[in-house]
Amino acid sequence: MTRNSLKLALAAMGLVAAGAQAQDVTLTIESWRNDDLALWQQEIIPAFEAEHFGIKVVFSPSAPTEYNAALNSKLDAGSAGDIITCRPFDASLALFEAGHLTDLDDMEAMNNFSDVAKSAWQTDDGSATFCVPMASVIHGFIYNADAFAELGIEVPTTEAEFFAALDTIKEDGSYIPMAMGTNDQWEAATMGYNNIGPNYWKGEEGRRALIAGEQKLTDDPWVAPYETLARWGDYLGDGYEAQTYPDSQNLFTLGRAAIYPAGSWEIAGFNAQADFAMGAFKPPVRNAGDTCYISDHTDIGIGMNAATVNPEAAKTFLAWVGSPEFASIFGNALPGFFPLSKTPVELSDPLAKEFVSWRGECESTIRSTYQILSRGTPNLENDTWGASVAAIKGTSSPAELGQRLQDGLASWYAPQQ
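Residues numbered from 1 in each chain as written. Predicted model: local features only at pLDDT ≥ 70, side-chain atom pairs only at ≥ 80, totals over all residues. Heavy atoms only, no water.

> For the state of the cysteines, give the residues involved together with the corresponding values.
Taken as a whole and judged by the stated rule, the model has two disulfides. The partner cysteine of C292 in its disulfide is C362, sulfur to sulfur 2.1 Å. Here C292 and C362 share a disulfide; its torsion about the S-S bond, -90°, makes the bridge left-handed. One end of the pair, C292, is in the loop between β7 (278-281) and β8 (293-304); the other, C362, is in the loop between α16 (350-357) and β10 (363-365), and 70 residues separate them in sequence. Along the protein, the cysteines that take part in disulfide bonds pair up as 1-2, 3-4, counted in sequence order. (Disulfide = S-S within 2.5 Å. Helix = DSSP H or I, 4+ residues; strand = E, 2+ residues; numbered from the N terminus.)

As structure tokens, then:
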């Protein structure tokens, strides 16, 4: 080999090595959505990698109940992934304030989202936004449409119609009227109290009044939902006290229960498991003609680990997550998680389309305990779990529950003192 040939060969090898090095960027995503692993591996990541040669993405979820603790441990140890999936409001705000998440306001993709969509991942004063909004979930009730047709039940729109339907189902005896247990506690608050409650406290009006100290948890709009939950116990079936969340899912998808107090996140799983027709109805209003309110809860965002060694690649990925292309893939591959981008997404799933249609009929709000009010000890979100269970079981009166929650909140939150 001549000297010139050797130079050319070495140069070519250098180019190959440089090319390999340029391609050798792998981003790891931390998430609690372990049930979405196949979606990310088979649809989302291939779509991104096809357009962004040289950036590889690994989706590495933890179990939902372990995510917060596991993520904090990894962040403290410097071993967390480049991309952090963000829970809404205070949990992610704490990560930002601890220096673990990066301010993303300078990203052009953030202009694709409204102020309301971004509010779940902003500082209280709105001066920094640290996660790209991905999706919200909507609360309501999913029902077995075949059972309703069999029993001649119309979809209820008022509470009177709702309890009349439950009575009809119970008297017939073919189905458990409603599938929900209290063993795991959180669903009693999430699919119970914060599902029906916005119709009582008028959504954002009441939630913001509570934050401002203008309403208290002993006021009727906050106590009355517990009075309604106290009636649910008669319709949940034998042994509901020991019934877990997966138990409730199975009871419904196996066709043994007629109604399931739900979040829209159930849609994909129920579609795969149920062999009967399903429908959905929004939380019934207290009286005919009342304005309806729905919990349209900003649920999931995605941000950048401030300690990542691949900040440019990470921002490239986050910018893509903020695009209409991602919103369309995510919204249709995971029906029931509704994209938050300004660009409308055409959904194909009938049940998802029913849920999202309520945005045009009702006022939207978020879960009452998620912003500001659960930062102290005792934690209002966790206490609401226990209170909702106690209401359903009848172990405490609604008034006692309201007073207990108010005392706890006032013990640390100045506007309620």
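> Hey, could you go over the domain arrangement of the protein for me, with residue numbers and the actual values?
Segmenting the protein into domains produces domain 1 (2-135 + 298-349) and domain 2 (137-296 + 367-416). Taken over C-alpha atoms, the centre of domain 1 sits 33 Å from the centre of domain 2. Buried surface at the junction of domain 1 and domain 2, summed over both partners, amounts to about 1100 Å²; 54% is from carbon and sulfur atoms. For the domain 1 face of the interface with domain 2, the top three residues by lost area are F89, D90 and F338, together amounting to 37%. For the pair domain 1 and domain 2, the interface holds two salt bridges. Here D90 ties to R375 by a salt bridge, and the two come within 3.0 Å at their closest N and O atoms. Taken together, the links from domain 1 to domain 2 amount to five residue pairs in polar contact (both at pLDDT 80 or more). Counting only elements with at least two residues in the side of domain 1 that touches domain 2, the list comes to α4 (90-97) and β8. Partitioning the side of domain 1 that touches domain 2 into residue classes produces six nonpolar, two polar and four charged. (Domains from an automatic or database assignment. Buried area = accessible area lost by both parts, 1.4 Å probe. Salt bridge = Lys/Arg side-chain N within 4 Å of Asp/Glu carboxyl O. Polar contact = N/O pair within 3.5 Å; in protein donor to acceptor, adjacent residues only side chain to side chain. Nonpolar A, V, L, I, M, F, W, Y, C, P; charged D, E, K, R; others polar.)

> Can you break down the nonpolar core residue by residue, with the values?
Grouped together as the largest cluster of nonpolar side chains are 128 residues, with contacts concentrated most on W40, W232, I259, I302, F317, L318 and F355. At eight residues, strand β4 (residues 132-144) tops the list of elements feeding residues into this core. Beyond its immediate chain neighbours, meaning those up to four positions away, L318 contacts I83, L104, M107, V132, I302, G303 and M304. (Core = buried A, V, L, I, M, F, W, Y, C linked by side-chain atoms within 4.5 Å. Buried < 20%, exposed > 50% of the residue type's maximum accessible area, 1.4 Å probe, protein only. Contact = heavy atoms within 4.5 Å.)

> Talk me through a negative patch on the surface; I want residue IDs and the actual numbers.
On the surface, D146, E150, D172 and D275 cluster together to form a negatively charged patch. Of note, D146 is situated in helix α6 (residues 145-151). Its relative accessible area of 40% is what places D146 among the partly exposed residues. (Patch = residues over 30% accessible without salt bridge, like charges linked within 9 Å, V, L, I, M, F, W, Y side chains within 5 Å. Areas by Shrake-Rupley, 256 points an atom, 1.4 Å probe, with all protein chains shown as cover. Lys, Arg positive; Asp, Glu negative; His and termini not counted. Charge placed at Lys NZ, Arg CZ, Asp CG, Glu CD.)

> Quick one: what's the story with the side chain of Q406, residue by residue and with numbers?
Mapped onto the fold, Q406 is located in helix α18 (residues 398-410). On the basis of relative accessible area, Q406 is assigned to the buried category, the value being 6%. The residues contacting Q406, other than those within four sequence positions of it, are K216, L217, T218 and Q416.

> Tell me about the pattern of salt bridges, residues and numbers included.
Two side chains with opposite charge may pair up if their charged atoms get near one another. Under the definition given, this model contains 10 salt bridges. Here K74 and E30 are joined by a salt bridge, their closest N and O atoms 3.1 Å apart. Of this pair, K74 sits in helix α3 (residues 67-77) while E30 sits in strand β1 (residues 25-31); the two residues are 44 residues apart in sequence, bridging distant segments of the chain. The class of K74 is partly exposed, set by a relative accessible area of 26%. Each of R33, D35 and D36 takes part in a single network of salt bridges with overlapping partners.

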